[in-house]
Amino acid sequence: MVTVSKQGCSKSIVNIVFAIVALAVSNSAFSANECNEFEPKDFETNAEMPQKFNYLDQAFKLAPGNSPVGLSCKMKNSFWTELVGIVAEEYRFSDDLTGKRTFIAQRMADRLREWQADVDYENLRLLIETANSADPFGSNQKWMVGSLMDSIMNTLIQECSTNTISNECNNEYRLVRDRMIFATFMNNLGDVQRHPLVVEEVKKFNKRSAQWDAYLDNQQFQYLWELSLNYCRDNKNITGWKYVGCYVPLVGAGIAQADYDKKSANGWERVPTSRFIYLHPEIGAVYDKYEADDWHIKPSFIFEWIGVMNWKWNDSWTEPSDKIYSCKWDICPWGFSLVSQYANFSQHKDLGHGAAIHFRNYTITYTRHDSEFGGKDEWFVGVNISLSKLLGEGRNNNWKPLQSLFIGTN
Amino acid sequence: MAQVIFFLHGAGKHEEGWHKDALESFIETRLLLGRDDDFNARYIPIALSYGDIFEEYWGEHNSRAKALANLPIPGNANSFIRKIIDFAKSNPSDDHPWIATQGDVVLYLITSLGPAVRNRVWDDIIKVLEEHNTPMFSIIAHSLGTRVIHDVLQRSFTGDVGSNYELFGKPKVLAQIANITRLTSFNEGHLGPGMVVHPSYDPDTGACWRYINAWHPLDPSAVIRRFNPLRYPAFQGVQGLFDISAKPGDVINIKEIHSLTNYLKIPEITAAIVNGLENYTTLHPGPIDEAAIEQAREKYEQKTIAGSWTERLEQIEQFDLNSIDSWLDIIGVIDKW
């Protein structure tokens, strides 16, 4: 925050303000040298990038909320820097003050120096501890800064934007001094308290992102109507006749979303742990042992009428190398479906019906086809496009007819 | 403390660094409005992107359709199977305009890709805020992005005291450019009493400090079922709402009328955003006043279509060709000739 003097604003008046604020900072640094713990590089680090969370974290480790330990020098200096930084920012942004800005900033800097001399750190520490124990995750504390700053700065601008020093103006400065330190402390306190929760929130959403990626990429592809159905099904607010609407391709999800968004309390949608397979065309390959020539493997058209897949997320996932699913023997997502399969069989009818089992994005079909020339009916095993590609990569000549078909497919 | 500005795109393909033109536009207009300080010292612009989720989906979808269409099915195949194959053959390619625009909107609205997109956007926002250690952020969203961020803020609502959402606070500015939130709503239900995405200076309500709703009267996406904030009780009588309509002539290239770049060239819109970004206190009006906007508009209009037509009109006036008599004279001359 104290980089303000380095930022090279072209307006000279702004530079004057920054110089004054920088002077205030350097004064604080001078007095801070009396503290053994203070090191100038702390200011430098702070100036380059306000590592608010980091150094305040350290500061609070030195003065835990529950133990009556006094504030460290580092902490005092950190807060002082914060405060001056806030004032600097305030004046940097208040361009409408034009000529009066220098005057106000100078007076503010004077008052801050005066304040630094007599600030009652012990009371402030008690204040932090009280706030800490009363409402450790208090949202009000956080916003107090914004609303206090509003009222303070607006009054200040109104009362003190003349060159005449009035009693009102002096009182206002005193108010600023008292309130701002409180506000700053509350703000910092809030940040420190929030930080672990922020980290938790980031972790939580990292995990959710990985789960969504897995849901969309590591399983059998979902057509538009399947995504729509599953989106609707996952919406726990849909009940009664509306739930039936989920099974109407593409329409149900509209009902779902309109209903879901009515309440903010509904929060984030959970990442699904199951999905329906519904009217799903798939391309695959089937093995025809009755074929006279060498090409036993034939392209097939698989149509899945309805089915389901299930899985469980690994709740302890923290990084991409961790397993995203948590299933017995790692067999998930898995599922099954009712299918029809169509292929150009040599001695059996092209269309047959049966079932399929699914593992991730692989499918194995098992369909029964009637005999065409008086032989016996037969069950045939087939695989879907992903598995046939996996099996067909340079394995044997049987897969050659499929290669041209699958060019450019995933 | 530098402030993060998130840019959120609309439908269609968006490569990495997609926001550069829009950002350039924003910086230029800001300069035109008299803000000549170092932009980079004050702001950290971040481009958010969710388009790859749709692109990957359409890529997979199209390759499946292609394989299905190539499937060697005999002519006497079952009619139902034949219909599916024919349907696959008629599948639009991934550069088809429908796929590039409405396709994404449909996927977002009615499929599980919607929650995945919302999750991605919020995940990216909190990662950036964590990385930069700053609670100060603003969002400039465009087209489908307006709907996405509306839904994200509805879910990450920060004003609900006592809830677990109180982590990062509200964005200072939520600029909804070519807002399609209402256009993409199935009914008014989710814009009703439960909607929290409105501006508020009250700590406990609202999902942003300043809400800018910018639209162009010739931009169909922004005008059809226009999101008029004042329709909704949550927006009535609140401070921090700026509903800004561009002038019909506010366009430099008519093909780009819907683009974020075009919108951010309009002085009133950028001024409202900058004022929101730079008023450190929420009640403060911001540094750009009406006079500065007027000045910027004069310069801006020289570049617009309307501006060039005005220039032509002035030329006509100069040659006194605006009276009917002058034209009759010309027609008379042509007729004689």
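Quick caveat: nothing in here was measured; it's all calculated off a predicted structure.

Some details on the overall build of chain B
Here's step 1: A count of helical and extended segments in chain B gives 13 helices and six strands.
Here's step 2: Within chain B, the fraction of its 337 residues that count as buried is 56%.
Here's step 3: Here the analysis covers contacts within chain B between residues at least 6 apart in sequence; of these, 78% occur between residues at least 24 apart.
Here's step 4: For chain B, the accessible surface area stands at approximately 14,100 Å², while carbon and sulfur atoms represent 56% of it.

Regarding the confidence of the model for chain B
Residue and element names in this part refer to chain B.
Here's step 1: Of all residues in chain B, 78% attain a pLDDT of 70 or more, and the chain-wide mean is 81.
Here's step 2: The element-level mean pLDDT for chain B is lowest in helix H13 (residues 324–336), coming to 68, with strand S4 (residues 173–177) highest at 96.
Here's step 3: The model gives residues 159–167 a pLDDT under 50, and that stretch makes 31 contacts with residues more than four places away or in other chains.
Here's step 4: In the predicted assembly, ipTM is 0.82 and pTM is 0.71.

Side note on the layout of surface pockets
Here's step 1: Space inside the largest pocket adds up to approximately 690 Å³.
Here's step 2: Taken together, 30 residues form the lining of the largest pocket, with Ala11, His142, Ser143, His258 and Ser259 of chain B sitting closest to its centre.
Here's step 3: Among the elements that make up the lining of the largest pocket, the one with the highest residue count is helix H1 (residues 20–32) of chain B (five residues).
Here's step 4: Its residues assigned to classes, the lining of the largest pocket shows 11 nonpolar, 13 polar and six charged.
Here's step 5: Quantified by volume, the second largest pocket comes out at close to 430 Å³.
Here's step 6: Along the walls of the second largest pocket sit 21 residues, with Leu216, Asp217, Gln219 and Phe221 of chain A together with Glu60 of chain B positioned nearest its centre.

Comments concerning helix H11 (residues 290–301) of chain B
All names here are of chain B.
Here's step 1: Between its first and last C-alpha atoms H11 spans 16 Å; for 12 residues at 1.5 Å apiece the expected length is 16 Å, and the two agree.
Here's step 2: Taken as a whole, H11 has its buried residues at Ala292, Ile293, Ala296, Arg297 and Tyr300. Seen along its axis, H11 keeps its buried residues to an arc of 135°; they face one direction. What points out from H11, more than 90 degrees from its buried face, is the exposed set Ala291, Gln295 and Glu298.
Here's step 3: Elements in contact with the buried residues of H11: H1 and helix H10 (267–278).

Digging into the state of the cysteines
Residues and elements named next belong to chain A.
Here's step 1: Counted according to the given criterion, the structure contains one disulfide over all chains.
Here's step 2: Residue Cys327 pairs covalently with Cys332 via a disulfide, S to S 1.6 Å. Sign of the S-S torsion, about 55° for the bond between Cys327 and Cys332, identifies this disulfide as right-handed.
Here's step 3: Of the residues examined, Cys332 reaches a relative accessible area of 1% and is grouped as buried.

Details of the sheet that holds strand S6 (residues 241–245) of chain B
Residues and elements named next belong to chain B.
Here's step 1: Here we have six strands laid out as an open sheet, ordered S2-S1-S3-S4-S5-S6, and parallel in their pairing. One side of each edge strand has no neighbouring strand; the edge strands of this open sheet are strand S2 (43–48) and S6. Across the sheet, the mean angle separating the axes of adjacent strands is 15° when strand polarity is ignored.
Here's step 2: Alignment of strand S5 (residues 210–215) against S6, held across five bridges, turns out to be parallel. Bridge pairing in S6 places Trp215 opposite Ser245.

Here we look at the environment of Glu55 of chain B
All names here are of chain B.
Here's step 1: Inspection of the secondary structure puts Glu55 in helix H3 (residues 51–70).
Here's step 2: With 259 residues separating them in the primary sequence, Glu55 and Glu314 have C-alpha atoms 48 Å apart.
Here's step 3: Among all residues touching Glu55, those that are not within four sequence positions of it are Lys13 and His14.

Some details on the pattern of salt bridges
All names here are of chain A.
Here's step 1: One pass over the structure, following the stated rule, counts 16 salt bridges over all chains.
Here's step 2: One salt bridge in this structure joins Glu226 and Arg275, with 3.4 Å as the shortest N-O distance. Of this pair, Glu226 sits in helix H9 (residues 224–234) while Arg275 is found in strand S1 (residues 274–287), placing the two residues 49 residues apart along the sequence.
Here's step 3: Residue Glu226 is classed as buried on the basis of its relative accessible area, which comes to 0%.
Here's step 4: Taking relative accessible area as the criterion, Arg275 reaches 0% and is therefore assigned buried.
Here's step 5: As a salt-bridge pair, Lys323 and Asp330 come within 2.9 Å of each other at their nearest N and O atoms.
Here's step 6: The exposure class of Lys323 is exposed, given its relative accessible area of 52%.

What counts and what doesn't
- Residues numbered from 1 in each chain as written.
- Chains lettered and ligands numbered in written order.
- Predicted model: local features only at pLDDT ≥ 70, side-chain atom pairs only at ≥ 80, totals over all residues.
- Heavy atoms only, no water.
- Helix = DSSP H or I, 4+ residues; strand = E, 2+ residues; numbered from the N terminus.
- Buried < 20%, exposed > 50% of the residue type's maximum accessible area, 1.4 Å probe, protein only.
- Contact = heavy atoms within 4.5 Å.
- Areas by Shrake-Rupley, 256 points an atom, 1.4 Å probe, with all protein chains shown as cover.
- pLDDT = per-residue confidence, 0-100.
- 1 Å grid on protein atoms, 1.4 Å probe; cavity = no way out; pocket = protein on both sides within 12 Å on 5 of 7 lines; lining within 4 Å.
- Points joined across faces, edges and corners; volume = space filled by probe spheres on them.
- Nonpolar A, V, L, I, M, F, W, Y, C, P; charged D, E, K, R; others polar.
- Expected span 1.5 Å × (residues − 1).
- Arc of directions from axis to C-beta.
- Disulfide = S-S within 2.5 Å.
- Pairing = 2+ DSSP bridges.
- Axes fitted to C-alpha atoms, helices over the stretch in contact; angles between N-to-C directions.
- Salt bridge = Lys/Arg side-chain N within 4 Å of Asp/Glu carboxyl O.

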